[in-house]
Amino acid sequence: MIVFLTLCYCAVLFGLIKAGVIRLTPFWKASPVLWLVLLLVVLFIPMQWGAPSGPIRSYTSVIEIVPNVSGQVTDVPVQPLMLVEEGTVLFKIDPEPFEAAVSRSRAALAEAKQAVPQLEASFGAAEASVSEAVANRDRAKDEFDRLRTANENATALGRQSTPFSESDVEQLRLTYLASEASLTRAEATAEQARLAFTSEIDGVNTTVARLEADLRRAEFDLRETVVRAPADGYVLALTLRPGQRVSNLPLRSWMAFAPVATGRVVASIPQTRVRFIEPNQPAEVTFAYLPGKVFAAQVVSLVRMTAAGQLPPNGILPSLSPHHGPNETMGVVLKIDDSGGGFAEMPGGIGGTAAIYTQTAGATHLIRKVMIRMDAWLNYVRPN
């Protein structure tokens, strides 16, 4: 651009000399050099931080498609590199074993729900057994107390013989002790039945709640046999075929999916020129893929980290030798205004040029606007 403006100045100067407006003196002979210096000092040097420019690249986060269940692929209806909408079926897994799991869970849940009234009935029967054991205990105790008291009274009156033999009294004592043990066993059985019947969580029997959760998981697994697109985008590398077995282990992906462009690109700006860049500043972007077109944009954020400044977590002491070269450029995230259309259809990884207009050196913005448009038109003839 500075050469172009200098050539324009020389053309104007040549015309004025030919027209006799000015005389060709040593000053006018040296004026192109002075003009060049003036442009550098007044416009082009301040423009480096007042309206910085740099190459851009669009990035897309590729989603690795890993199913939530394992099984054999039965159908792959999607086509590679064709735009699909969110929710479109990418591939299907044989649902038969998962349908069987759902049926098994439903049967178990129905059986558990039918068992709840049975638990209530068992609890009632156990309480009745306790009442019966109490009655038997009391009856055995009364018989034992009656015979024992009669013998004790006879002995107290000095009689030579007792109305009941010692063996009869001992037999009733053992019967009474056995009824006590039966009562204890009946109370334990009743407590066990009560705990089984009253075992609940949020008002639902615990067994029923567990089997309902198992059924929901089985139904989820059945739904996940149909793998769908997570967003609008493209299937990049499609090598999956029916008959192949896929796994839900995240050790490898079975399909690569790229969402459509999000309208954001990253501009590479030298570190000496980013100090005046702030969010929400206007910018303009041109792409080699769309020559002659300039997109309006806006600064979203400055990536305040470079690869050279990252220390990976390992036990090796970092070396400073690789950092003696030129400073790595900083990334500036730009959001494209695609109201006119065209950017969303562009492939990922496209490059171009961006110009950012800061609040400083406003007089240089016009020159940068001209330069970015010249760059857009030069995209028609550039080899790459």
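This text goes with the structure placed above it.
Worth saying up front: this structure is predicted, and the values here are computed from it rather than measured.

**Q** I'd like a description of the overall build of the protein chain, backed by residues and values.
**A** A tally of helices and strands in the protein chain yields 6 helices and 15 strands. Taken against the 2.2 N^0.38 rule, which gives 21 Å for 384 residues, the C-alpha radius of gyration of the protein chain at 45 Å runs more than 25% over that of a compact globule. Referenced to the eigenvectors of the C-alpha coordinate spread, the extents of the protein chain come out at roughly 170 × 50 × 40 Å. Buried positions account for 30% of the 384 residues belonging to the protein chain. Residue pairs in contact within the protein chain that sit at least 24 positions apart in sequence constitute 78% of those at least 6 positions apart. Surface exposure of the protein chain reaches about 23,600 Å², of which carbon and sulfur atoms provide 58%. On the protein chain, the mean spot of the 35 positive side-chain charges and the mean spot of the 37 negative ones are 19 Å from each other.

**Q** I'd like to hear about a nonpolar patch on the surface, residue by residue, with values.
**A** Side chains of Val33, Leu36, Val37, Leu38, Leu40, Val41, Val42 and Ile45 sit close together on the surface and give an oily, nonpolar patch of about 650 Å² of accessible area. Among the structural elements, Leu38 can be located in helix 2 (residues 26-50). Owing to a relative accessible area of 46%, Leu38 belongs among the partly exposed residues under this scheme.

**Q** A description of helix 6 (residues 365-378) should follow, citing residues and the corresponding values.
**A** For helix 6, built from 14 residues, the straight-helix expectation of 20 Å at 1.5 Å per residue is met to within 8% by its first-to-last C-alpha distance of 20 Å. Those residues of helix 6 that fall on the buried side of the exposure criterion are His365, Ile367, Arg368, Ile372, Asp375 and Ala376. On its buried side, helix 6 packs onto helix 1 (2-18), helix 2, strand 1 (53-58), strand 12 (282-287), strand 13 (290-303) and strand 15 (351-356).

**Q** Can you tell me about the pairing of strand 14 (residues 330-336), naming the residues and giving the values?
**A** Most of strand 14 is tucked away: 6 of the 7 residues are buried. With 6 bridges joining them, strand 11 (residues 264-269) and strand 14 adopt antiparallel strand pairing. Looking at strand 14, one finds that Arg264 is bridged to Lys335.

**Q** Talk me through the environment of Leu236; I want residue IDs and the actual numbers.
**A** Position of Leu236 relative to the elements: it lies in the loop between strand 8 (233-235) and strand 9 (245-246). Exposure remark for Leu236: the relative accessible area of 38% places this residue in the partly exposed category. For the pair Leu236 and Ala125, spaced 111 residues apart in sequence, the C-alpha to C-alpha distance is 67 Å. Sequence-distant contacts of Leu236, that is, excluding residues within four places in its chain, are made with Val62, Pro80, Leu81, Ala256 and Ala258.

**Q** Quick one: what's the story with the packing of helix 1 against helix 2, residue by residue and with numbers?
**A** Relative to each other, helix 1 and helix 2 sit at 145°, their axes nearing to 10 Å. Note that helix 1 runs across helix 2; the crossing there is right-handed. From helix 1, Ile2, Leu5, Thr6, Tyr9, Cys10 and Leu13 reach across to helix 2, where they touch Trp28, Ser31, Pro32, Trp35, Leu36, Leu39, Leu40 and Phe44. Partitioning the contact of helix 1 with helix 2 into residue classes produces 12 nonpolar, 2 polar and no charged.

**Q** So what about the pairing of strand 11? Which residues, and what values?
**A** Burial of the side chains of strand 11 is restricted to one face: Val265, Ala267 and Ile269 are buried, whereas none of Arg264, Val266 and Ser268 on the reverse face is. Relative to strand 11, strand 1 runs antiparallel, the two being bridged by 3 bridges. Its bridge partner being in strand 11, Arg57 is matched across the sheet by Val266.

**Q** Just give me the short version of the side chain of Glu284, but keep the residues and values in it.
**A** Mapping Glu284 onto the fold places it in strand 12. Judged by relative accessible area, which is 10%, Glu284 ranks as buried. A distance of 2.8 Å separates a polar atom in the side chain of Glu284 from a polar atom in the side chain of Arg373. Contacts of Glu284, omitting those with residues within four sequence positions, involve Val294, Phe295, Thr353, Ala354, Ala355, Tyr357, Lys369, Ile372 and Arg373.

**Q** Run through the packing of helix 2 against helix 6, naming residues and quoting values.
**A** A packed helix pair is summarised by two numbers, namely the angle formed by the two axes and the spacing between the axes. Axis separation between helix 2 and helix 6 bottoms out at 9 Å; the angle between their running directions is 80°. Considered as vectors, helix 2 and helix 6 are oriented roughly perpendicular to each other. Between helix 2, through Leu43, Phe44, Met47, Gln48 and Gly50, and helix 6, the contact on the second element is made entirely by His365, Ile367, Arg368 and Met371. Looking at the contact of helix 2 with helix 6 residue by residue, the class counts come to 5 nonpolar, 3 polar and 1 charged.

Procedures and definitions
- Residues numbered from 1 in each chain as written.
- Predicted model: local features only at pLDDT ≥ 70, side-chain atom pairs only at ≥ 80, totals over all residues.
- Heavy atoms only, no water.
- Helix = DSSP H or I, 4+ residues; strand = E, 2+ residues; numbered from the N terminus.
- Rg over C-alpha atoms; globule rule 2.2 N^0.38 Å.
- Buried < 20%, exposed > 50% of the residue type's maximum accessible area, 1.4 Å probe, protein only.
- Contact = heavy atoms within 4.5 Å.
- Areas by Shrake-Rupley, 256 points an atom, 1.4 Å probe, with all protein chains shown as cover.
- Lys, Arg positive; Asp, Glu negative; His and termini not counted.
- Charge placed at Lys NZ, Arg CZ, Asp CG, Glu CD.
- Patch = residues over 30% accessible without salt bridge, like charges linked within 9 Å, V, L, I, M, F, W, Y side chains within 5 Å.
- Salt bridge = Lys/Arg side-chain N within 4 Å of Asp/Glu carboxyl O.
- Expected span 1.5 Å × (residues − 1).
- Pairing = 2+ DSSP bridges.
- Axes fitted to C-alpha atoms, helices over the stretch in contact; angles between N-to-C directions.
- Left-handed = near helix turned anticlockwise from the far one by under 90°.
- Nonpolar A, V, L, I, M, F, W, Y, C, P; charged D, E, K, R; others polar.
- Polar contact = N/O pair within 3.5 Å; in protein donor to acceptor, adjacent residues only side chain to side chain.
- Parallel < 35°, antiparallel > 145°, perpendicular 65-115°, else oblique.

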